[in-house]
Amino acid sequence: MPRCFITGITGQDGSYLSELLLEKGYEVHGLVRRHSSLGRSRISHLISDADLYDRRLFLHTADFEDPLALRRVLVKVQPDEIYHLAGQSDVGLSFEMAESTCRFTALATLELLEMFRDLPHTPRLFHASSSEIFGQPAQAPQDEQCPVAPVNPYGCAKAFATQLTTVYRRSFGVFASNGILYNHESPRRGENFVTRKICRAAAAIKLGRQTELRLGNMEAKRDWGHARDYVRGMWLALQYSSPGDFVFATGQLHTVQDVVEVAFASVQRDWREYVRQDPSLIRTAETGQLVGNPAKAKRLLGWEPQTGFREMIVEMTKAELEAMGDPH
């Protein structure tokens, strides 16, 4: 039975990745922070499964602030694969929490790479990078050779972690791959992300629990895919014969307004009656046209996104209705 270790296991990606690896017969170990509320986490359904929890799913409490405790966990688990997903991932919040964003996204990756290199049995490592490392790209779409030019603290922290992963791969010959992940959403997305905010508002407005939705730049464009597809790419990257960098993206751009139109149409409401633009919500440093070219991942890994944009937004909105008690 292959054994994996996931940092950030309680997040959106960590929960989907856990499900995928359990389905594939893995023994899954996850890192949870002290004081985490597991009963309300995205993996609560896995924890409550007596056939899985403490049988093939194991959780370990440690923090990156305590590298000695984390090192002990890794030595004890001896994983075949490590998926490093943890970190502060809210771009807007990274301006308010620049220091902690860099500490938990950049320096934590350095600490993990040092531990990873020293393990008696060196596992394969996947580092979850981000399209935010490209910032204001001079080319569209972007591939693995695109120059790094972040425009926010989160992008800077991810750029550091990404390049350091590459340095360790080249300098020490370890199997360490970067997955450059473009925006990926799901019903498990954090409530502070715009797609979830829109889908939740559409559901609440249909049920009469909300009267309006305030948004910033409605014309902002992103390459949005589904988290289920992207965690499959993570796994495929570690099954490949050699390590490297891989862009995971749909190659298609959609605006915030596109998200609004699909979400409100799915609840039979005219978005124009409810959506208001709020200049105070517009980012001061907006990224450029971030759209990825996943040709390398398709060619070498056989990876393809399977869930379309419209299908994803409808799924998210229906999930919000269900969470609010509406069977639609």
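Look a little higher up for the structure.
Let me sum up the structure you'll find in this document. Here the structure is a predicted model, which is why all the values come from computation and not from measurement.

1. Here's the deal with the overall build of the protein chain
Counting its regular elements, the protein chain contains 11 helices and 13 strands. Taking 2.2 N^0.38 as the reference for a compact globule, 328 residues should give roughly 20 Å; the C-alpha atoms of the protein chain span a radius of gyration of 20 Å, in line with that estimate. Considering only C-alpha atoms, the protein chain reaches an extent of 60 × 50 × 40 Å along its principal axes. Relative to all contacts within the protein chain whose residues are 6 or more apart in sequence, the contacts with residues 24 or more apart total 79%. On the protein chain, roughly 14,300 Å² of surface is accessible, and the fraction owed to carbon and sulfur atoms is 48%. In the protein chain, 38 side chains carry a positive charge and 40 a negative one; their mean positions are 1 Å apart.

2. A word on the packing of aromatic side chains
Per the stated rule, a full pass over the model turns up eight aromatic pairs. Between Phe246 and Phe248, the aromatic rings sit 6.5 Å apart at their centres with planes inclined by 35°, giving tilted as the arrangement. Each member of the pair, Phe246 as well as Phe248, is classed as buried. An aromatic cluster is present here, built from Tyr230, Tyr240, Phe246, Phe248 and Trp303 joined pairwise through their rings. In this structure, Lys24 is placed above the aromatic ring of Trp235, and the distance from its NZ or CZ to the ring centre is 4.1 Å. Lying over the aromatic face of Phe172, Arg117 brings its terminal NZ or CZ to 3.9 Å of the ring centre.

3. Considerations on the packing of helix α9 (residues 256-265) against helix α11 (residues 309-323)
Relative to each other, α9 and α11 sit at 55°, their axes nearing to 9 Å. Considered as vectors, α9 and α11 are oriented oblique to each other. In terms of crossing hand, the pair formed by α9 and α11 is right-handed. On the side of α9, the interface is formed by Asp258, Val259, Val262 and Ala263, while α11 contributes Phe309, Arg310, Ile313, Val314 and Thr317. Its residues assigned to classes, the contact of α9 with α11 comprises six nonpolar, one polar and two charged.

4. Description of the sheet that holds strand β6 (residues 176-181)
Hydrogen bonds between backbone groups are what pair the strands of a sheet, and the pairing can be parallel or antiparallel. Spatial strand order, β3-β2-β1-β4-β5-β6-β11: seven strands in an open sheet with parallel pairing. Both edges of this open sheet fall to β3 (57-61) and β11 (245-248), since each of them pairs with a single strand only. For this sheet, the mean inter-axis angle between neighbouring strands, taken without regard to orientation, is 20°. Bridging between strand β1 (residues 3-7) and strand β4 (residues 81-84) involves four bridges; their strand directions are parallel. Along β4, the bridge assignment pairs Thr7 with His84. Contacts between helix α5 (residues 98-118) and the sheet are confined to β4, β5 (124-130) and β6, with β5 contributing the most and set at about 170° to the helix. Here helix α8 (residues 227-239) sits on the sheet in contact with β4, β5, β6 and β11, set at roughly 140° to β4.

5. Some thoughts on the nonpolar core
One broad rule of soluble globular proteins: the nonpolar side chains tend to lie buried together. Ile6, Leu17, Leu21, Val28, Tyr83, Phe126 and Phe248 are the most contacted members of the largest nonpolar core, which totals 36 residues. If one sorts the elements of this core by residue count, α8 sits on top with eight residues. Non-local contacts of Ile6, meaning those with residues more than four positions away in its chain, are made with Gly14, Leu17, Ser18, Leu21, Val28, His29, Gly30, Leu31, Tyr83 and Leu85. One finds Ala201, Val259, Ala263 and Met312 within the second-largest nonpolar core, a separate group that totals 28 residues.

6. Topic: the pattern of salt bridges
This model, assessed by the stated rule, comprises 15 salt bridges. Among the ionic pairs, Arg169 bridges to Asp245, the shortest N-O distance being 3.1 Å. Highlighted residues: Arg169 in helix α6 (residues 153-172) and Asp245 in strand β11, separated in sequence by 76 residues. Each member of the pair Arg169 and Asp245 is classed as buried. Taking the shortest distance from any N to any O, the salt bridge between Glu212 and Arg214 comes out at 3.0 Å. A network of salt bridges, in which partner residues are shared, links Glu191, Arg196 and Glu320.

7. As for the side chain of Thr162
Secondary-structure assignment places Thr162 in helix α6. Among the polar contacts listed, one links the side chain of Thr162 to the backbone oxygen of Lys158, at a separation of 2.6 Å.

8. Quick look at the packing of α5 against α6
Relative orientation and spacing of two packed helices are given, respectively, by the angle between their axes and the distance between those axes. With their axes 8 Å apart at the nearest point, α5 and α6 run at an angle of 10° to one another. As summarised for this structure, α5 and α6 are arranged roughly parallel, according to the angle between their axes. Seen from above, α5 lies across α6 with right-handed handedness. Seen from α5, the contacting residues are Ala98, Thr101, Cys102, Thr105, Ala106, Thr109, Leu110, Leu113, Glu114 and Arg117; seen from α6, they are Pro153, Tyr154, Ala157, Lys158, Phe160, Ala161, Leu164, Thr165, Tyr168 and Phe172. Counted by class, the contact of α5 with α6 contains 13 nonpolar, four polar and three charged residues.

So, how was this worked out
Residues numbered from 1 in each chain as written. Predicted model: local features only at pLDDT ≥ 70, side-chain atom pairs only at ≥ 80, totals over all residues. Heavy atoms only, no water. Helix = DSSP H or I, 4+ residues; strand = E, 2+ residues; numbered from the N terminus. Rg over C-alpha atoms; globule rule 2.2 N^0.38 Å. Contact = heavy atoms within 4.5 Å. Areas by Shrake-Rupley, 256 points an atom, 1.4 Å probe, with all protein chains shown as cover. Lys, Arg positive; Asp, Glu negative; His and termini not counted. Charge placed at Lys NZ, Arg CZ, Asp CG, Glu CD. Phe/Tyr/Trp six-rings, centres within 6.5 Å; stacked < 30°, edge-to-face > 60°. Buried < 20%, exposed > 50% of the residue type's maximum accessible area, 1.4 Å probe, protein only. Lys NZ or Arg CZ within 6 Å of the ring centre and 35° of its normal. Axes fitted to C-alpha atoms, helices over the stretch in contact; angles between N-to-C directions. Parallel < 35°, antiparallel > 145°, perpendicular 65-115°, else oblique. Left-handed = near helix turned anticlockwise from the far one by under 90°. Nonpolar A, V, L, I, M, F, W, Y, C, P; charged D, E, K, R; others polar. Pairing = 2+ DSSP bridges. Core = buried A, V, L, I, M, F, W, Y, C linked by side-chain atoms within 4.5 Å. Salt bridge = Lys/Arg side-chain N within 4 Å of Asp/Glu carboxyl O. Polar contact = N/O pair within 3.5 Å; in protein donor to acceptor, adjacent residues only side chain to side chain.

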